[in-house]
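Chain by chain, the residues run as shown.
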Amino acid sequence: MQRSTSERAGGSLGHRAARLFCCAPPTPVEEEVFFGCPYCLAEISMLVDPTIRAQSYIEDCEVCCNPIRIRYTADETLAVTSFDAESIEQ
């Protein structure tokens, strides 16, 4: 039986690819932000990526499951300069 090139090189391509891509380091610039849920007032922490200079999205509260509009901006030094978590009127 003839072995493929990838098997002769030390394993299947899938196994080698898994070694290359399975352990990517976390983004080193993520910043943890703490805020109170506008509905239930529970303290929530969230990781934001300040390399995205301005972002707005909807995230559900992990305690009461109500939707929260998250908005933040970051400056050129990758510091979060503004953060807002507000209720979405239903």
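Higher on the page you've got the structure.
Calculation notes
- Within each chain, residues carry numbers counting from 1 in the order of the written sequence.
- This being a predicted model, a pLDDT of at least 70 is required before a residue's local features are given, and a value of 80 or more before pairs of side-chain atoms are given or counted; all residues contribute to the totals for chains, interfaces and linings.
- Only hydrogens and water are set aside when side-chain values are computed; all heavy atoms of the structure are taken into account.
- Pairing of aromatic rings covers Phe, Tyr and the six-membered ring of Trp, with a centre-to-centre limit of 6.5 Å; geometry is then stacked below 30 degrees between planes, edge-to-face above 60, and tilted otherwise.
- Each helix corresponds to a stretch of at least 4 residues labelled H or I by DSSP, and each strand to a stretch of at least 2 residues labelled E; elements are numbered beginning at the N terminus.
- Think of a salt bridge as a Lys or Arg side-chain nitrogen and an Asp or Glu carboxyl oxygen that are within 4 Å of each other.
- Here's how the labels work: a residue is buried when its accessible area is under 20% of the maximum for its type, exposed when over 50%, partly exposed in between, all with a 1.4 Å probe on protein chains only.
- Here, the term disulfide refers to a pair of cysteine sulfur atoms separated by no more than 2.5 Å.

S.K.: Got a minute to help me understand the packing of aromatic side chains in this structure?
M.R.: We describe a pair of aromatic rings using the distance from one ring centre to the other and the angle between the two ring planes. Tallied over the full model, the rule gives 1 aromatic pair. When the ring of Phe-35 is compared with that of Phe-83, the centres are 5.3 Å apart and the planes differ by 40°; the resulting orientation is tilted. In this pair, Phe-35 sits in strand β1 (residues 31-36) while Phe-83 sits in strand β5 (residues 80-87), placing the two residues 48 residues apart along the sequence.

S.K.: What exactly am I supposed to notice about the pattern of salt bridges here?
M.R.: Summed over the entire model, instances satisfying the criterion amount to 4 salt bridges. Ionic pairing is found between Arg-71 and Asp-84, a salt bridge with its closest N-O pair at 3.6 Å. Taken as a pair, Arg-71 in strand β4 (residues 67-74) and Asp-84 in strand β5 lie far apart in primary sequence, 13 residues in all. Residue Arg-71 is classed as partly exposed on the basis of its relative accessible area, which comes to 36%. With a relative accessible area of 32%, Asp-84 lands in the partly exposed category. Taken together, the salt bridges that share partners define one network made up of Arg-69, Arg-71, Asp-84 and Glu-86.

S.K.: Hey, could you run me through the state of the cysteines in this one?
M.R.: Summed over all chains, the structure comprises 0 disulfides. With no disulfide of its own, Cys-61 has Cys-37 as its nearest cysteine by sulfur position, at a separation of 3.7 Å. Residue Cys-61 is classed as buried on the basis of its relative accessible area of 2%. Free of any disulfide, Cys-64 has its nearest neighbouring cysteine sulfur in Cys-61, separated by 3.7 Å. The exposure class assigned to Cys-64 is partly exposed, which follows from its relative accessible area of 26%.

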